[in-house]
There are 2 protein chains.
Amino acid sequence: MATRSTGRTDVTRSAILARLGALGPASRADLARALNVSPALMTQLTRELLSDGLLQELEHSPSQGGRPARMLGLVSSAGRAIGVKVVADHVAFVEVGIDGTVLRSASEPFDASTTTVLTDLASLLRRFIAGGRDIPLLGIGVGVPGSVDRQGNGVVESTQLGWHQVPLGSTLRRELKLPVLVENNVNALAVAERLYGLGRNHENFLVVTIGTGVGAGVVVDGVVLRGFAGGAGEIGHIPVAEDGPLCSCGNHGCLESLVGQGPLVEIARGGGIISKSGGIAALRAAADADDDGAAEIFSHAGHLLGRALAGIVHTLDPEIVIILGEGTASWKHWSYGFEPAFRSALVPSRRGVAVEVETWQDESWAQGAAALVMATPFDSVDIAGDQGRLVRERLVEQSAPHLRGAP
Amino acid sequence: MATRSTGRTDVTRSAILARLGALGPASRADLARALNVSPALMTQLTRELLSDGLLQELEHSPSQGGRPARMLGLVSSAGRAIGVKVVADHVAFVEVGIDGTVLRSASEPFDASTTTVLTDLASLLRRFIAGGRDIPLLGIGVGVPGSVDRQGNGVVESTQLGWHQVPLGSTLRRELKLPVLVENNVNALAVAERLYGLGRNHENFLVVTIGTGVGAGVVVDGVVLRGFAGGAGEIGHIPVAEDGPLCSCGNHGCLESLVGQGPLVEIARGGGIISKSGGIAALRAAADADDDGAAEIFSHAGHLLGRALAGIVHTLDPEIVIILGEGTASWKHWSYGFEPAFRSALVPSRRGVAVEVETWQDESWAQGAAALVMATPFDSVDIAGDQGRLVRERLVEQSAPHLRGAP
DNA sequence: ACTACTTTGTTTAGAACTAAAATAACTTTA
DNA sequence: TAAAGTTATTTTAGTTCTAAACAAAGTAGT
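Remember, predicted model here, so these are calculated numbers, not experimental data.

A few words now on the overall build of chain A. The secondary structure content of chain A amounts to 13 helices and 16 strands. Expressed as lengths along the three principal axes of its C-alpha atoms, the size of chain A is roughly 75 × 55 × 45 Å. Counting every position in chain A, which comprises 407 residues, the buried fraction comes to 57%. Taking contacts inside chain A between residues at least 6 apart in sequence as the whole, the part at least 24 apart equals 62%. Accessible surface computed for chain A: about 16400 Å², of which carbon and sulfur atoms make up 52%. Charged side chains of chain A number 34 positive and 43 negative; the gap between the two group centres comes to 8 Å.

Below, the structure written as structure tokens:
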């Protein structure tokens, strides 16, 4: 019950780095307060990091009424990470710097159903890695649509990919000789939001993605909730309609089977709103052009999502709900149905909960995956396990090949 | 991010006591393993506790192949706690020993809507306390139907009691000069389950209560999830029926407005299944006597609850669901609707999640509230804040008035 | 200009842990 | 019955933190 993971020092040491990376320069005093350690220890740890070349002293910040603070900044060449998005028919890569900025990205066709998936993926990754700059590569984060036993283990269960207990983590690790963290793609996004996005200012929030499917990442007290078997957040399969359409999971009337991109397009085709070959883009275009039928389809989806999210908000009491995913491109149309349904289904005291829709980019999924690597230093609960330790080691030792802790 | 609460020693020290209380005698080696500290430290801490008279050495346990373990047991007169259940028309008290056993209990009529509620409650409590034995009273736990800002603060928001931002915690604390922990009643039950019940063996579980209303307590990684404003677990207000009956919260078709005791009785009366003055007991009796209409009412409630819980299981991925509350007396009848609806609405991989129905007693609510006090020693996250520290202090110092830590 | 007050950062002494070696008290095996 | 193997507990010699005192570097009031 009382938690004391060994090697707290390492955690704190790289929490300093991660925090500076995520939030920009800060003074020793700030860091000590933020990380909840004594100023004395902060002096000592930063001294080591400075002499290791991971940190640099910057200008003085204007005085707050006392001695002005000496700001500390990250030496940006300290590390990079690679994020991978895996879906059924392609993979996407990004390389991010220690501050989360995207340095490079790429996308490759890919077939998740072959028997050689894992070695194929390793090859693609190897090629992408080779193109990178000469900065220590801290690790690889992989986001998959499905549940993952533990980030550091990386055994994947995914109906969407047709994977059953696939040892993605251990295989990539062996092939690439690098720390590999595997996580559900929505949870990875939640980690990214926590590190770089709106979640920086909130300890309890919900990340909801709409697109092909519907998913959620739950952040509680600053940590992503994974549940017993890493399957938390599968809100796409919340039962909504008693005798609804067949869902990919085999059940009928799941939320996803009603508001996923596929079903929406189906309805639009059936209603003659778009052509038989038209896709979600066509449907959105129709709604943008004031087609009542198209608008109604989005609005109804919003209505259903709103009622479902209201239930989740009652269950989890988040401070804020963040909407992400490809589907947000049509959010304007969703919102007509969403807002009234969502608000009116909430208990009065909860009715003010904030809903924010963030801009979405193609590479966002992969960027989220990369955040897994950058987030491990924060990981005092050690969700990432052994791989987390390896990332920390690389962060500190690869950049400072000389002896550490010398007198 | 890196958490280090000051005074870890105190936490560990009383985690020893709480663990021995909850799980019975154990050896130093066991304790060291369970609390994740070194054997060396355990030797030292138990030496202090032994000399303080809080622990006693018991018989040797049979050897496990090596040196036999010397068991340590709690001196049961080390402490007691009082639990209070507050509802609109009465309050119930229990006094529990350090091992969670009920020593005394009482129930008093009470009006939660008067302007003098708080002083009334304090008076009733004072009287109950006075009847107790001469054992250090560690603190008071209070369970309320509503949300509480923080356990240690105890500001209550409850439509059921008609309370708006009532400073229950601070008032009782001032009146009684004792540590007071206030918590939502279902969350308190979840704490009790974690400490003494099925939750002892699970880190992720869900406690669901059925009765007048419907509520849930969510335990994630061993800790009760409270959400942003302490409002997590209000599953009674998950929207279920688009145009359902009016709920106490002002909305229509909430889960609670369909499967709460009140609504079930209403339907039964309307259908002539029980008399106009009959209550839930009459309805249960009818179902027990094979009345099809009565059975159908319970079964339908089970059906709705099953579908709603399936959604929650998808969201949270608990290992086990524990059903509690007055309504469990009729669970046999609920289950005909619950089981098929629940299982069939779950994704195949989740379909095996365990559902356990525990026996329910009148005093269970109050007993749960008392567990708040006994749980604070475990509380390494310090949910209970200042009051937690006070409980810890009383546990160690009241029982050992002589100087501690002497050479 | 001088004093009082704030805030940052450093030093130092000591508290709280741990790891590893030593010791104790068995069981099992030859 | 002695040697080897296990498990429990204690001792010892650090390591890692903190608290508290101090030093540094400003602002603000008089």
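Any residue range with low pLDDT should be treated as having predicted coordinates unsuitable for detailed reading. All names here are of chain A. Of all residues in chain A, 91% attain a pLDDT of 70 or more, and the chain-wide mean is 87. Per-residue pLDDT stays below 50 along residues 1-7; that stretch engages in 16 contacts with residues further than four places along the chain or on separate chains. Counting interchain partners and residues more than four positions distant, the pLDDT-below-50 stretch residues 400-407 has seven contacts.

This next bit is on the pattern of salt bridges. Any two side chains of opposite charge can pair, given that their charged atoms come close. All names here are of chain A. Going through the model one piece at a time under the given rule, you end up with 26 salt bridges over all chains. Ionic pairing is found between Arg-126 and Glu-175, a salt bridge with its closest N-O pair at 3.2 Å. Placement of Arg-126 in helix H4 (residues 117-130) and of Glu-175 in helix H5 (residues 168-176) is noted, with a sequence separation of 49 residues between them. The salt bridge involving Asp-288 is made with Lys-332; its shortest N-O contact spans 3.8 Å. Taken together, the residues Asp-288 in helix H9 (residues 280-288) and Lys-332 in helix H11 (residues 331-345) connect sequence positions 44 residues apart. What makes Asp-288 partly exposed here is its relative accessible area of 43%. Because the salt bridges share partners, they merge into one network encompassing Arg-28, Glu-57 and Arg-70.

Quick look at the nonpolar core now. Across soluble globular proteins, you tend to see nonpolar side chains buried next to one another. Core analysis: the biggest nonpolar cluster contains 86 residues, and Leu309(A) and Leu309(B) have the highest contact counts within it. The residues contacting Leu309(B), other than those within four sequence positions of it, are Val208(B), Ile235(B), Val321(B), Ile323(B), Phe338(B) and Phe342(B).

Consider a sheet: its strands pair through backbone hydrogen bonds, and that pairing is either parallel or antiparallel. Residue and element names in this part refer to chain A. On the basis of which strands lie adjacent, the open sheet formed by three strands has the order E8-E9-E10 and antiparallel pairing. With one partner strand each, in any of the chains shown, strand E8 (147-148) and strand E10 (163-167) form the two edges of the open sheet. Where strand E9 (residues 155-158) and E10 come together, three bridges link them in antiparallel fashion. Opposite Ser-158, over in E10, you have Trp-163 as the bridge partner. The strands touched by H5 are E9 and E10; relative to E10, the strand with the most contacts, the crossing angle is about 35°.

This part covers the interface of chain A and chain B. In this complex, chain A contributes 52 residues to the contact, which on the side of chain B involves 53 residues. Contact between chain A and chain B buries roughly 4400 Å² in total, counting both sides, with carbon and sulfur atoms accounting for 52%. Counting across the interface, chain A meets chain B through two salt bridges. Residue Arg307(A) pairs with Glu242(B) through a salt bridge whose shortest N-O separation is 3.4 Å. In this structure, the connection of chain A to chain B is made through 30 residue pairs in polar contact (both at pLDDT 80 or more). For the side of chain A that touches chain B, the secondary-structure elements that each account for two or more residues are helix H1 (8-23), helix H2 (28-35), helix H10 (292-316) and H11 of chain A. The biggest single contributor to the side of chain A that touches chain B is H10(A), with eight residues.

On to the sheet that holds strand E1 (residues 26-27) of chain B. All names here are of chain B. If you trace the three strands from one edge of the open sheet to the other, you get E1-E3-E2, paired in antiparallel fashion. The open sheet has two free edges, formed respectively by E1 and strand E2 (55-60), since each of these has just one partner strand. Both E1 and strand E3 (residues 70-74) contribute to a ladder of two bridges, which runs antiparallel. Directly across from Ala-26, in E3, lies its bridge partner Leu-72. Across the sheet, helix H3 (residues 39-51) is in contact with E2 and E3; its angle to E2 comes to roughly 110°.

Right, let's get into unusual backbone geometry. All names here are of chain A. Of note in this structure, Asn-36 is not a glycine but carries a positive phi near 60°. Residue placement: Asn-36 occurs in the loop between H2 and helix H3 (39-51). Within the chain, Asp-317 stands out as a residue other than glycine whose phi angle is a positive 50°. Counting through the fold element by element, Asp-317 comes out in the loop between H10 and strand E15 (320-324).

Rules and cut-offs
- Residues numbered from 1 in each chain as written.
- Chains lettered and ligands numbered in written order.
- Predicted model: local features only at pLDDT ≥ 70, side-chain atom pairs only at ≥ 80, totals over all residues.
- Heavy atoms only, no water.
- Helix = DSSP H or I, 4+ residues; strand = E, 2+ residues; numbered from the N terminus.
- Buried < 20%, exposed > 50% of the residue type's maximum accessible area, 1.4 Å probe, protein only.
- Contact = heavy atoms within 4.5 Å.
- Areas by Shrake-Rupley, 256 points an atom, 1.4 Å probe, with all protein chains shown as cover.
- Lys, Arg positive; Asp, Glu negative; His and termini not counted.
- Charge placed at Lys NZ, Arg CZ, Asp CG, Glu CD.
- pLDDT = per-residue confidence, 0-100.
- Salt bridge = Lys/Arg side-chain N within 4 Å of Asp/Glu carboxyl O.
- Core = buried A, V, L, I, M, F, W, Y, C linked by side-chain atoms within 4.5 Å.
- Pairing = 2+ DSSP bridges.
- Axes fitted to C-alpha atoms, helices over the stretch in contact; angles between N-to-C directions.
- Buried area = accessible area lost by both parts, 1.4 Å probe.
- Polar contact = N/O pair within 3.5 Å; in protein donor to acceptor, adjacent residues only side chain to side chain.

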